[in-house]
Amino acid sequence: MRTRLPLAETIRSRRSVRRFRPDPLPDSLLDEILDTAVEAPSSWNFQSRSVVAVRDPGNREALARAANGQRQVREAPVTLVFVAETDSWREALDDICGTAVRNGAWNDGCARTTATAGAGFQDDLAARGLLREYAVKDAMIAATYVMLAAADAGLGTSPMNGWDEAEVKKVIGAEHRDDLAAALLLSVGRPAERRAHPGRRPRGHTVFGERHGRALV
Ligand SMILES: Cc1cc2nc3c(=O)[nH]c(=O)nc-3n(C[C@H](O)[C@H](O)[C@H](O)COP(=O)(O)O)c2cc1C
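Residues numbered from 1 in each chain as written. Predicted model: local features only at pLDDT ≥ 70, side-chain atom pairs only at ≥ 80, totals over all residues.

So, the overall build of the chain
- Helices and strands together make up the secondary structure of the chain, namely 8 helices and 4 strands.
- In the chain, the succession of α and β elements from N to C terminus is α-α-β-α-α-β-α-α-α-β-α-β.
- With respect to the three principal axes, the spread of C-alpha positions in the chain is 50 × 50 × 35 Å.
- Here the chain holds 217 residues, and the buried ones make up 33% of them. (Helix = DSSP H or I, 4+ residues; strand = E, 2+ residues; numbered from the N terminus. Buried ≥ 20, exposed ≤ 12 C-beta atoms within 10 Å, placed from the backbone.)

Listed below in structure tokens is the structure:
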């Protein structure tokens, strides 16, 4: 039985790996990590993201080609395509509001306000051409949750930006959907390599107090 590390240690020790063992991922383990994608927070709780698990060998090969031949897509037993859904908020939101009310998280008024104010917020994004950017935020935080859950379960992950979006969309059957955008590919499996930490710039380069560029003291 693996000892699970504290969260901060899991975050520090996670590495992007590019070599995977071919062992398939048990469904229960895949379910466990995908549940964390569903659990991830999202703007207005509109959950404007989804994830497609690509496991079929032919589809993995097609996805590897769409990802500039990156070997991790070919090797890993599953690659997850995180999808930003730019227009799903236009659907009826009764299920989201109903669940929040049943859970005691939102009252009826709050649910109504969220639905109307949220839709107004989204309309404004649409007018400014920002729907994609905002849906990508939801998709990326879901991917981050999955990366950490996978690390916690002893799995390796490889996040990727290097792919042709039109080709990726073809592989997942979304080529005719202008409302869906690929946000991130994430190969997941048993790692076949150990990677050293490439390091980060010093904290003072990245973390500020009150004003951007001013040291946090
Ligand atoms: C959004 C994003 C896109 C990335 N795209 C690729 C990619 O296409 N191919 C690749 O080999 N690594 C990719 N990486 C992995 C980074 O190179 C890696 O995270 C970085 O070097 C830091 O290493 P670490 O993840 O082990 O800490 C990506 C990482 C992120 C967060």
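Observations concerning helix α6 (residues 108-127)
- The first and last C-alpha atoms of α6 sit 29 Å apart over 20 residues, in line with the 28 Å expected at 1.5 Å per residue.
- G129 sits one or two residues past α6 and shows a positive phi near 70°. (Expected span 1.5 Å × (residues − 1).)

Some points on the packing of helix α5 (residues 94-102) against α6
- At a minimum axis separation of 9 Å, α5 and α6 run at an interaxial angle of 155°. Between α5 and α6, the crossing angle belongs to the class labelled roughly antiparallel. Considering how the two elements wind past one another, α5 and α6 form a crossing that is right-handed. Of α6, the residues touching α5 (which contributes C97, A100 and V101) are D108, A111, T114 and A115. (Axes fitted to C-alpha atoms, helices over the stretch in contact; angles between N-to-C directions. Parallel < 35°, antiparallel > 145°, perpendicular 65-115°, else oblique. Left-handed = near helix turned anticlockwise from the far one by under 90°. Contact = placed C-beta atoms within 7 Å.)

A look at helix α2 (residues 27-39)
- Over its 13 residues, α2 runs 18 Å from end to end, which matches the ideal 18 Å to within 8%, given 1.5 Å per residue.
- When α2 is considered as a whole, its buried residues turn out to be L30, I33, L34 and A37. The arc that holds every buried residue of α2, seen down its axis, measures 100°, which confines them to one face. Across from the buried face of α2, at angles greater than 90 degrees, the exposed residues are S28, D31, D35 and E39.
- Buried positions along α2 lie against β1 (49-54), β2 (78-85) and α7 (131-152). (Arc of directions from axis to C-beta.)

Remarks on the packing of α2 against α7
- One way to put it is that α2 packs onto α7 with a least axis distance of 8 Å and a crossing angle of 150°. Taken together, the axis directions place α2 and α7 in an arrangement best described as roughly antiparallel. The two elements α2 and α7 meet at a crossing, and its hand is right-handed. Residues E32, I33, L34, T36, A37 and E39 of α2 touch α7, and the partners they reach there are A142, Y145, V146, A149 and A150.
- The class makeup of the residues in the contact of α2 with α7 is 8 nonpolar, 1 polar and 2 charged. (Nonpolar A, V, L, I, M, F, W, Y, C, P; charged D, E, K, R; others polar.)

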